[in-house]
Amino acid sequence: MKIKFLTIVAAFALFSCEAAEGAVNDAKDSGTEMIDDAKAEGEEMMDDAKAEGEEMMDEVKAKGEEMMDEVKAEGEEMMEDAKAKGEEMIEEITK
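In this report, we go over the structure that sits alongside the text. Bear in mind the structure is a predicted one, so any value in this text is a computation, not a measurement.

### Some points on the overall build of the protein
(1) Moving on: Check the secondary structure of the protein and you find one helix and zero strands.
(2) Moving on: Within the protein, the proportion of its 95 residues that are buried is 0%.
(3) Moving on: Entry remark: accessible area of the protein is about 9,100 Å², with carbon and sulfur atoms responsible for 63%.

### Describing the pattern of salt bridges
(1) Moving on: The full count for this structure, using the stated rule, is one salt bridge.
(2) Moving on: Across the pair Glu 66 and Lys 63 runs a salt bridge, and its minimum N-O distance is 3.7 Å. With a gap of three residues between them, Glu 66 and Lys 63 both fall in helix α1 (residues 2-94), about one helical turn apart.

Rules used in this analysis
Residues numbered from 1 in each chain as written. Predicted model: local features only at pLDDT ≥ 70, side-chain atom pairs only at ≥ 80, totals over all residues. Heavy atoms only, no water. Helix = DSSP H or I, 4+ residues; strand = E, 2+ residues; numbered from the N terminus. Buried < 20%, exposed > 50% of the residue type's maximum accessible area, 1.4 Å probe, protein only. Areas by Shrake-Rupley, 256 points an atom, 1.4 Å probe, with all protein chains shown as cover. Salt bridge = Lys/Arg side-chain N within 4 Å of Asp/Glu carboxyl O.

Structure representation (structure tokens):
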């Protein structure tokens, strides 16, 4: 009778260990999957941030070039005005 009881207890312990091992493996797989998903999401976020940063830099560059063109045009206009004014002054002096 003791041997049957011990056999039943041993079998129960064996099945309990197998069930616990299965649960541990499932938890490990689930954890690994969560880590992989988080890594993929992080990489996607970094790619999005990089693309947005590059887009912002392109916009800043375009605006800077536009401003430089405006400054150049204003400078050329000022030079033309100064040249005309200088020519007027020379004409008045030489009269």
